[in-house]
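Coordinate inspection notes
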Amino acid sequence: MAVDHDRDIVSAPTELMKFETRHVPGALKLSQEMGWPYRQEDWEFAVTVGNGLVLERAGQVIGTAMSWNYGQAYATAGMIIVTGSAQGGGNGSRLFDGLLQATDGRNVLLNSTEEGLALYRRRGFNAWGTVIQHQGPLTVAVTQSTRDDIRQATVSDLAAIQAFDERATGMPRPSMVAGLAEAGSVLVIECAGRIAGYAIARRFGRGYVVGPCAAESAQDARLLILAQLATLHGQFVRIDVYAEHGLGDWLDSLGLARVGAVIAMVKGRRPVSDGTARMYALANQSFG
């Protein structure tokens, strides 16, 4: 007698549980199903610096949702996936509601595709901006600025970079910034002996991502991004920027074409920068 194992798996009960390292291969498979270019290393990094939930059915990961807490007031959410065969049965809502509960009443930020807007709006999220994704092989020759106020960061700069990041985002993110700095190459701008901006480039997805990039002006942000791009000629590069800062046309001119956009949303109170420092490029759309 033939046994339909696929039917048995689909009919098996689902279990919501904490995301553990053992779930990474299943999560990677889900992101590949969605066409997302995450590597196993990208999932491992996200789990190391954040918290997550998975839906598991018959030993298989059928859904993921991650969050990253920044102090007691804020969190970001992302990497929310439900496999195609499990969609439409309330699994997405169950997963996301569990994630919101785990953020312990924090204000929550996320970036949504058009498909996710209805779910997030029903949960009290409101749109506040747009994040534009630029990417492509870096074939344009980029010359680094000769300004001597841009330099490679040292270990002793970390505390100042973390403090600048908090000024730019309005959120305390020391663990996230430390993790990103350890994983990538960090450049800083100095002004009168103080850190006035930073940018990190690291391996991610199909190649490299430049971000986060925080600075006190769009001009300084461009200089930091150019300095990172000068070391990445011929590589596949991705940069996610806020539309409000107007860097899109400039990135297009460097051959990093706009390939998509997501809606920035918040449930609760949106964090604000100190007015002088701003975040121009994201580490990725999930971390914020």
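Residues numbered from 1 in each chain as written. Predicted model: local features only at pLDDT ≥ 70, side-chain atom pairs only at ≥ 80, totals over all residues. Heavy atoms only, no water.

Let's talk about the packing of aromatic side chains
For the coordinates displayed, the defined rule picks out 10 aromatic pairs. On the basis of an interplanar angle of 70° and a centroid distance of 5.0 Å, the ring pair of W68 and F287 is categorised as edge-to-face. With W68 in strand β3 (residues 60-70) and F287 in the segment after β13 (278-282), this residue pair connects regions lying 219 residues apart in the sequence. Residue F287 is classed as buried on the basis of its relative accessible area, which comes to 2%. Taken together, the ring pairs in this structure connect F19, W36, Y38, W43 and F204 into an aromatic cluster. Against the face of Y208 rests R203, its NZ or CZ located 5.6 Å from the ring centre. (Phe/Tyr/Trp six-rings, centres within 6.5 Å; stacked < 30°, edge-to-face > 60°. Helix = DSSP H or I, 4+ residues; strand = E, 2+ residues; numbered from the N terminus. Buried < 20%, exposed > 50% of the residue type's maximum accessible area, 1.4 Å probe, protein only. Lys NZ or Arg CZ within 6 Å of the ring centre and 35° of its normal.)

A look at empty space enclosed by the protein
Under the counting rule described, the total for this entry stands at 1 cavity of 30 Å³ or more. For the largest cavity, the full set of lining residues is Y38, D42, F45, A46, M79, R202, F204, N284 and F287. For the lining of the largest cavity, the element with the most residues is helix α3 (residues 40-49), which contributes 3 residues. Of the residues that constitute the lining of the largest cavity, the class distribution is 6 nonpolar, 1 polar and 2 charged. (1 Å grid on protein atoms, 1.4 Å probe; cavity = no way out; pocket = protein on both sides within 12 Å on 5 of 7 lines; lining within 4 Å. Points joined across faces, edges and corners; volume = space filled by probe spheres on them. Nonpolar A, V, L, I, M, F, W, Y, C, P; charged D, E, K, R; others polar.)

A word on the pairing of β13
With 4 of its 5 residues buried, β13 lies for the most part within the structure. The sheet contact formed by strand β11 (residues 236-242) and β13 spans 2 bridges and is antiparallel. Looking at the pairing, D240 lines up with L282 of β13. (Pairing = 2+ DSSP bridges.)

Quick notes on the pattern of salt bridges
Two side chains carrying opposite charge are able to pair once their charged atoms lie near each other. Enumeration according to the criterion identifies 12 salt bridges in this entry. Of the charged contacts, one joins R151 and E190 as a salt bridge, the two residues approaching to 3.0 Å between their closest N and O atoms. On the criterion of sequence distance, the pair formed by R151 in strand β7 (residues 150-152) and E190 in strand β8 (residues 185-191) is long-range, its members being 39 residues apart. Owing to a relative accessible area of 30%, E190 belongs among the partly exposed residues under this scheme. A salt bridge links R167 to D274, with the shortest nitrogen-to-oxygen separation between them at 2.5 Å. Here D274 lies in the loop between β12 (257-267) and β13 and R167 lies in helix α6 (residues 158-169), a separation of 107 residues in the sequence. Assessed through its relative accessible area of 26%, R167 is described here as partly exposed. When salt bridges with common partners are traced through the structure, they connect R167, R194, E216 and D274 into a single cluster. (Salt bridge = Lys/Arg side-chain N within 4 Å of Asp/Glu carboxyl O.)

A short note on helix α4 (residues 91-102)
Between its terminal C-alpha atoms α4 stretches 17 Å, which fits the 16 Å expected from 12 residues at 1.5 Å a residue. Among the residues of α4, those classed as buried are N91, L95, F96, G98, L99 and L100. D104 lies just past α4 and shows a positive phi near 55°. (Expected span 1.5 Å × (residues − 1).)

These values are about where atoms sit, not about what they do.
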